[in-house]
Amino acid sequence: MTLVDTPVITAGGPSLTQERRLVTAIPGPRSQELLARKAEAVASGVGHTLPISVVAAGGGVIVDADGNSLIDLGSGIAVTGVGNSAPRVVEAVTAQLHSFTHTCFTVSPYEGYVAVAEKLNELTPGDHVKRSALFNSGAEAVENAVKIARHFTKKQAVVAFDHAYHGRTNLTMGLTAKNIPYKSGFGPFASEVYRAPLSYPFRDGGLSGAEAAVRAISVIEKQVGAENLAAIIIEPIQGEGGFIVPAAGFLPAIVEWCRANDVVFIADEVQTGFARTGAWFASEHEGIVPDLVVTAKGIAGGLPLSAVTGRAEIMDSAMAGGLGGTYGGNPLACAAALATIETYEDDGLIDRAREIGAVLIGRLNALRTADPRVGDVRGRGAMVAMELVDPASGAPDAALTSAVAAYAHSNGVVVLTCGTYGNVIRFLPPLTISDELLIDGLSVVAEGLKHA
Ligand code: PLZ
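Residues numbered from 1 in each chain as written. Predicted model: local features only at pLDDT ≥ 70, side-chain atom pairs only at ≥ 80, totals over all residues. Heavy atoms only, no water.

Next up on the list: the overall build of the protein chain. For the protein chain, the count of helices and strands is 13 helices and 15 strands. Once the C-alpha set of the protein chain is aligned to its principal axes, its extents read approximately 70 × 60 × 45 Å. Looking at the protein chain as a whole, 55% of its 452 residues are labelled buried. A total accessible area of about 18,100 Å² is found for the protein chain, and carbon and sulfur atoms account for 54% of it. Here the protein chain holds 33 positive side-chain charges and 46 negative ones, and the gap between their average locations is 4 Å. (Helix = DSSP H or I, 4+ residues; strand = E, 2+ residues; numbered from the N terminus. Buried < 20%, exposed > 50% of the residue type's maximum accessible area, 1.4 Å probe, protein only. Areas by Shrake-Rupley, 256 points an atom, 1.4 Å probe, with all protein chains shown as cover. Lys, Arg positive; Asp, Glu negative; His and termini not counted. Charge placed at Lys NZ, Arg CZ, Asp CG, Glu CD.)

Right under this line is the structure:
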């Protein structure tokens, strides 16, 4: 292939040309150079999905150092809902950069942190009195939610579900279900973590939400006991575990049981939160009001920020100085979050997530009708996936899934896979993507399926 000597683009944001453009094979020579350096410099446990060297991104594209422009159907794992380098975010963070970059909120407070907490208290489900605390990563916020629930209830056990993903720190690894690559050899894990069966409609043999809840609650009562249980933590739609939407009624029944048994119900909305599913939070689709909500990812347009928000009496139970961290609620990340939330609101991105969902579900269902290897299509808003199976047995087909993803990658489309069985292709486009790009990306995936 002849090399086009493209200038390296560095300015990102929505004004980047919105197109799929391949000027070299993926990876091109400049990307290969970076990957060679990565192999020498970066620990091999830190993998990568796409072999490219990113120089700019925005709207619905990611541009690499070779001048290729790829369609982004992953948003950096559900982070850049407002798009990369979203104008309001760039402006707010730039202004904050010029005033101050860090004081440590627990040493000398500033308004941005308080304003983010106020916004979270307002936007999360329920009209009870709330408090928030800010952290850096999803895992850190999950750890703190569990800490707070234990302090409040004076109980220790925590229940997580099959297929759950809650992070990579020691406690959150223990809460996460999947062994490889998350846990194997990384133990011992924290004690007092228990696992309950989920509602997984595609693989549950017709179990209703209510029946699946009875099954889970029975395991919890027999194996843990409400008198020992501080909290139940669940993703309202499971992310890494396979975009599993529990059957209707499952989540409300679990919440109700928690209420009746003095158990804190924690919704991990790290992946589902912030407009992604066509609501501020996925809990809203089932009308549930969690005691604590954990947020991260989509909250700050790509800057690292996370939070725990919940009932004032629970959140306030930890003693002064009991919660914190050097960087939690960093002023740059808070400025980004306020601008991000304003962007979701002013640009109507919750509605846009629903429109994107309609395109995704429509196109993927058409694929499913035509191709029995597409076993299931599911999700809400701009969080949608297809599960690929062997049509004869229904067994998960991870090899087909990898082949389809690899085809998409080499043809300029960033798609991610997930699922306990590695057989789910998930779609998490930025909410700023155009229909044209989205449809082009999906046709490449469809070609990949035909090709495999
Ligand atoms: N809870 C529901 O989805 C992060 C993991 C990427 P951190 N998911 C992406 C990877 O392979 O490490 C996630 C999540 C849910 C918690 C987390 C953890 O959030 O910000 O990655 O710590």
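Within strand β5 (residues 157-161), five of the five residues are buried, which leaves it mostly tucked inside the rest of the structure. Here β5 shows no split at all, with Ala157, Val159 and Phe161 on one side and Val158 and Ala160 on the other all buried. Across three bridges, β5 lies against strand β7 (residues 229-234) in parallel orientation. Each bridged residue has a counterpart across the sheet, and for Val158 the counterpart in β7 is Ala231. Inspection of the sheet shows β5 paired to strand β6 (residues 193-196) by four bridges, in the parallel sense. Bridge pairing in β6 links Ala160 to Arg195. Of the crossover connections in this fold, the one passing from β5 over helix α6 (residues 170-175) to the parallel β6 is right-handed. (Pairing = 2+ DSSP bridges. Right-handed = clockwise from strand over helix to strand, strands pointing away.)

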